[in-house]
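# Structural description and commentary
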Number of protein chains: 4
Amino acid sequence: MATKPFAIVAGVGPGTGASIARKFTQAYSVVVLARNPSNYNSVVNEINSSGGQALGISADVSDSASVKTAFEKIAQQHKDTPLAAAVFNSGGGFVRKPFLELTEEEFANGFKSQGIGAFNFAKSTLPLLQKATGLQYPPTLIFTGATASVKGSANFSAFASGKFALRALAQSLAREFGPKGVHVSHVIIDGVIDIPRTKEWANEHPDGKLDPDAIADAYWHLHTQPRTTFGFELDLRPYVEKW
Amino acid sequence: MATKPFAIVAGVGPGTGASIARKFTQAYSVVVLARNPSNYNSVVNEINSSGGQALGISADVSDSASVKTAFEKIAQQHKDTPLAAAVFNSGGGFVRKPFLELTEEEFANGFKSQGIGAFNFAKSTLPLLQKATGLQYPPTLIFTGATASVKGSANFSAFASGKFALRALAQSLAREFGPKGVHVSHVIIDGVIDIPRTKEWANEHPDGKLDPDAIADAYWHLHTQPRTTFGFELDLRPYVEKW
Amino acid sequence: MATKPFAIVAGVGPGTGASIARKFTQAYSVVVLARNPSNYNSVVNEINSSGGQALGISADVSDSASVKTAFEKIAQQHKDTPLAAAVFNSGGGFVRKPFLELTEEEFANGFKSQGIGAFNFAKSTLPLLQKATGLQYPPTLIFTGATASVKGSANFSAFASGKFALRALAQSLAREFGPKGVHVSHVIIDGVIDIPRTKEWANEHPDGKLDPDAIADAYWHLHTQPRTTFGFELDLRPYVEKW
Amino acid sequence: MATKPFAIVAGVGPGTGASIARKFTQAYSVVVLARNPSNYNSVVNEINSSGGQALGISADVSDSASVKTAFEKIAQQHKDTPLAAAVFNSGGGFVRKPFLELTEEEFANGFKSQGIGAFNFAKSTLPLLQKATGLQYPPTLIFTGATASVKGSANFSAFASGKFALRALAQSLAREFGPKGVHVSHVIIDGVIDIPRTKEWANEHPDGKLDPDAIADAYWHLHTQPRTTFGFELDLRPYVEKW
């Protein structure tokens, strides 16, 4: 099977996740996780047919049993290869509603998708990252944040609670695993990402949406930082974004 | 039954919650919630025997069915009296452990106690606060935060995730319900509180722990602010605290 | 001469400063500082004619010689009375301009008014606060901040630089002098204050501007906190404010 | 003279500034500014003798007359070449002292070095960055921050006031000039940098100091971001740093 180091990207659709997979496949074989294979089939095929190595596994990272099954498959495929990087990019949990109309399930889903999902992913990847040897760059765990990671807006309490919780987790892990040599980062995506679903969203400015390939470049840059110089948090937004 | 406005305090033990109940009972009748009656019996008796009005209800705010039952009792007792203030002061969800030893249940419990608990409490109190009339001060909803509300430390990911989520909720609600006239605040308690359980904790400095009565004074001050001048966030710590 | 403790308020005009002076005069004699006596004459007369004690001194707190002269006068008037509280509320340094049109003098003036002004005021008041005895509440030094204390907006670089610097100073002093028993606080005023100058500013909402008397109540509350429970930072805004 | 785009680095000594100059010289000719030529002579010679183009100019960026003279020289040398990037990396203004021992001059020097220095540098470079054409990457202005940019510690009020002010300026400029296509960033250097002066500083951990070359890589990465995806703030620290 694969002999070069590998990376895992959780939350791969047509946008940021696919771009990160493509970017990291230039150095590593890549495992991509998504609930629905239709989300990753296209990028997996594209990578494999252009000389890279990609494996798609269907998994719901907010469900620990599903994560366990997925990482058993990963262990089989990558038993002798080190894990170089893991990226938590799962979406889900987003709902925009007046608070009094929000159900407990909708509110909890923000945390389930972002908090529990990230917990499960970190629990499964940190042991692999810690034991990885022979890597060119320090093993890296990156979490994707959002505007809602640092601001709780009206009607956004469910998603903001999930994203705030994810940021708390990222900070805690950076402080615990940094000294152990694992680079933990948190990237705040502050704006609309330019993906098929948002193509028709009105934007008065050219280039007014975040480019997923440029986001992937930032993740790659963070990954390549030596342990002398770990970046923890970076906020990315289009030049015209109000903030 | 009661004719003066009432206040609800969720999370009443021997410390902050009891002090808040005592403070608010000077103007209101008070309902206190805790899972275990042994937590509130003492302060309820003390208030009632000294001329105030207090009612203890056993409830687990992280359990929506339990909250529903509690608020049905509250509705019976206070059907014609306005709710002047509600304070979410529930503890729970605290665990300090290396991340890889943390179970999913322990991690989720931080959010369940702080996030879901606060969600249930806000869902039940905001409609009452919004419809309250004849109050001297704007109706008020205050959440108790902690150091872990703004900093995710090593080994604290569960509690920090819960407290970050709670802060996200508080911000969202302040932005949504402030313009509707409900004052939503978040108080960051940064230090050890001086309660029986912490009496013997070493502290090299006199007065080195937070006084729950002084915390209660701060909550009362926030409650008395007019809508022209709502305070959202206040951090409280002993004079010798490192921060 | 004065026998009760005294307070000093720097930056007294028709708004927050005058309200703070009025509030603190209920317990203390008050010294108010402003560049122009026309700014404080009215409140000084009002306090003195209603049974309080107020002394106005003309001083430019951004000018150390002027501050020195003012504190010599204060020392004469209050040689045997302890300083209970000092409030830095100086305005000045505000300019709103595209960056490339901003002169160095305009930019520096933000820091001169807010940074140097606060430095001079702290240098003169902290020794008095530290040696004060017989006070009911811990000696207190409060700085007035603004939206620009935590956000650098387009066209606001001069004022934001001054207000950020002031907040840095407040944090530094809280960490240095808190353990010595002096309570240092920073209040963020986030919104338009309701004063004569802003009366005609359009505001679609009733009560949409900050009430200076309510601001003063918050300062007084901070001052009364015991050293077990020092509040450092509080943000105040009208209920309808966007933030 | 030079035909490829150029970059300007203000504040070049044996550490970060020299590394940034070396990094950017791979694509650009570089102008380095420092008060004392002995600070930049070595890196200028090194770059020029290895095929790059570097020009050292003696300037004190906190002195507008000195900056004016320097930029007249720059204009002569680069009249037909676009300015691709400008980095403000000036040190100075650091002092660690109990507040009551701090002179006004020492306090003001923090702002003079960091605030006025950055103001002068931004005033001189932004017009050049705005008019630059034919660049591969958006024109970029990066400011170097520090731990003291976000935390005012005891005995650090002078430096923290300067660094807070610098961050306010950076935020203001990012919000004003981002929409005009200029990328403005702020990098928080949180830790000791590994330079000759700090070589002997005790550090119990290998690789426990920031590598200036890795810092330079981060600056270069920020510079290469497209306008769809501008990073504003990145914090860098050694893996073992407490934060």
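Below is a short write-up of the structure. Given the structure is predicted, the values throughout are model-derived calculations rather than measurements.

So, about the interface of chain D and chain A. Facing 33 residues of chain D, the contacting portion of chain A comprises 33 residues. Together chain D and chain A conceal approximately 2900 Å² of surface at their shared face, both sides included; 59% is due to carbon and sulfur atoms. At the surface where chain D touches chain A, the tally comes to 2 salt bridges. Its salt-bridge partner being D207 of chain D, residue R227 of chain A comes within 2.7 Å of it at the nearest N-O pair. Our enumeration of links across chain D and chain A arrives at 14 residue pairs in polar contact (both at pLDDT 80 or more). Ranked by residues supplied to the side of chain D that touches chain A, first place goes to strand β7 (residues 230-237) of chain D with 8 residues. Per-class residue counts for the side of chain D that touches chain A are 17 nonpolar, 7 polar and 9 charged.

Another aspect to go through is the relation of the copies chain A and chain B. Mapping chain A onto chain B calls for a screw motion: a turn of 180° about the axis and a shift of 0.0 Å along it, with 0.0 Å RMSD after fitting. The symmetry that links the two subunits is that of a two-fold axis. When you check the interface residues of chain A against chain B, 100% turn up at the interface there too, and the contact is symmetric in its surfaces.

So, about the packing of helix α3 (residues 64-77) of chain C against helix α4 (residues 104-131) of chain C. Residue and element names in this part refer to chain C. Running from N to C, α3 and α4 point in directions that differ by 30°, and their axes come no closer than 9 Å. Here α4 runs roughly parallel to α3, going by the angle between their axes. Once α3 is placed against α4, the crossing between them reads as right-handed. Side by side, α3 and α4 meet where S64, V67 and F71 of the first sit next to N120, F121, S124, T125 and L128 of the second. By residue class, the composition of the contact of α3 with α4 is 4 nonpolar, 4 polar and no charged.

Moving on, we get to the pattern of salt bridges. Residues and elements named next belong to chain C. Taken as a whole, this structure holds 37 salt bridges over all chains when the rule is applied. The partner of R22 in a salt bridge is E46, and the shortest N-O contact between them spans 2.6 Å. Here E46 lies in helix α2 (residues 37-49) and R22 lies in helix α1 (residues 16-24), a separation of 24 residues in the sequence. A relative accessible area of 29% places R22 in the partly exposed class.

All right, on to the interface of chain A and chain B then. The interface of chain A with chain B comprises 40 residues on the first partner and 40 residues on the second. Approximately 3300 Å² of surface area, both sides summed, lies buried where chain A meets chain B, with 69% of it carried by carbon and sulfur atoms. At the junction of chain A with chain B, the criterion picks out 0 salt bridges. Run the count over chain A and chain B and you get 16 residue pairs in polar contact (both at pLDDT 80 or more). Among the elements of the structure, α4 (104-131) and α5 (157-177) of chain A are those that each provide at least two residues to the side of chain A that touches chain B. At 14 residues, α5 of chain A tops the list of elements feeding residues into the side of chain A that touches chain B. Each residue belonging to the side of chain A that touches chain B can be placed in one class, and the counts come to 22 nonpolar, 12 polar and 6 charged.

On to the packing of aromatic side chains. Counting across every chain of the model gives 53 aromatic pairs over all chains. Taking 6.5 Å as the distance between ring centres and 65° as the angle between the ring planes, the aromatic pair formed by F71 of chain C and F121 of chain C counts as edge-to-face. Here F71 of chain C, found in helix α3, pairs with F121 of chain C, found in helix α4; they are 50 residues apart in sequence, far enough to count as distant. No difference in accessibility class separates F71 of chain C from F121 of chain C, as the two residues are buried. By way of ring pairs, the aromatic residues F99, F107, F111, F119 and F177 of chain A together with F99, F107, F111, F119 and F177 of chain B are connected into one cluster.

So, about helix α6 (residues 212-224) of chain D. All names here are of chain D. Helix length check: α6 (13 residues) gives 19 Å between terminal C-alpha atoms against 18 Å at 1.5 Å per residue, within 8%. Of all 13 residues in α6, 10 are buried, a share of seventy percent or more. Where α6 is concerned, the buried positions are P212, A214, I215, A216, A218, Y219, W220, H221, L222 and H223. Regarding α6, its N-cap is D211, as a side-chain oxygen of that residue lies 2.9 Å from the backbone nitrogen of D213 further along.

Before going further, it helps to spend a moment on the pairing of strand β6 (residues 183-189) of chain A. Residue and element names in this part refer to chain A. Most of β6 is tucked away, with 7 of its 7 residues classed as buried. Inspection of the sheet shows strand β5 (residues 140-146) paired to β6 by 7 bridges, in the parallel sense. What sits directly across from A146, in β6, is I189. You can see the chain leave β5, run along α5 and come back into β6, and the turn it takes is right-handed. Bridge count for β6 against strand β7 (residues 230-237) is 4 bridges, and the pairing is parallel. Bridging across to β7, V187 finds its partner in L234. A crossover connection joins β6 to the parallel β7 through helix α6 (residues 212-224); in handedness this β-α-β unit is left-handed.

About the thresholds
Each residue is numbered by its place in its chain's sequence as written, counting from 1. As they are written, the chains are lettered A onward and the ligands numbered 1 onward, keeping that order. Whole-chain, interface and lining totals are the exception, using all residues; otherwise, since this is a predicted model, local features are given only for residues with pLDDT of at least 70 and side-chain atom pairs are given and counted only at 80 or more. The basis for every side-chain value is the complete set of non-hydrogen atoms in the structure, without hydrogens or water. The criterion used for residue contact is that any of the two residues' heavy atoms lie within 4.5 Å. What counts as buried area is the accessible surface, traced by a 1.4 Å probe, that two parts surrender upon association, with contributions from both included. A pair is scored as a salt bridge if a Lys or Arg side-chain nitrogen falls within 4 Å of a carboxyl oxygen belonging to Asp or Glu. Definition of a polar contact: a pair of N or O atoms within 3.5 Å, with one able to donate and the other able to accept a hydrogen when the atoms are protein atoms, and with sequence-neighbouring residues admitted only if both atoms are side-chain atoms. Helix numbering and strand numbering both begin at the N terminus, where a helix is a DSSP run of H or I of at least 4 residues and a strand a DSSP run of E of at least 2. Residue polarity follows a fixed list, in which Ala, Val, Leu, Ile, Met, Phe, Trp, Tyr, Cys and Pro are nonpolar, Asp, Glu, Lys and Arg are charged, and the others, Gly among them, are polar. What sets the superposition is a least-squares fit of C-alpha atoms, and only residues with pLDDT of at least 70 in both copies go into it. As a rule, the C-alpha atoms of each element are fitted with a line to give its axis, helices using only the stretch in contact, and angles between N-to-C directions run from 0 to 180 degrees. Any angle from 65 to 115 degrees is called roughly perpendicular, while one under 35 is roughly parallel, one over 145 is roughly antiparallel, and all others are oblique. Crossing handedness: left-handed means the near helix sits turned counterclockwise from the far one by under a right angle, and right-handed means the same turn made clockwise. Working definition: with a 1.4 Å probe on protein chains only, accessible area under 20% of the residue-type maximum means buried, over 50% means exposed, and in between means partly exposed. Only centres within 6.5 Å qualify two rings of Phe, Tyr or Trp (six-membered ring in Trp) as a pair; their planes then separate them into stacked at under 30 degrees, edge-to-face at over 60, and tilted for everything else. To estimate how far a helix should reach, multiply one less than its number of residues by 1.5 Å. Any two strands with at least two DSSP-identified bridges between them are counted as paired. Here is how to tell: hold the view so the strands point away, follow the path from the first strand over the helix to the second, and if it runs clockwise the crossover is right-handed.

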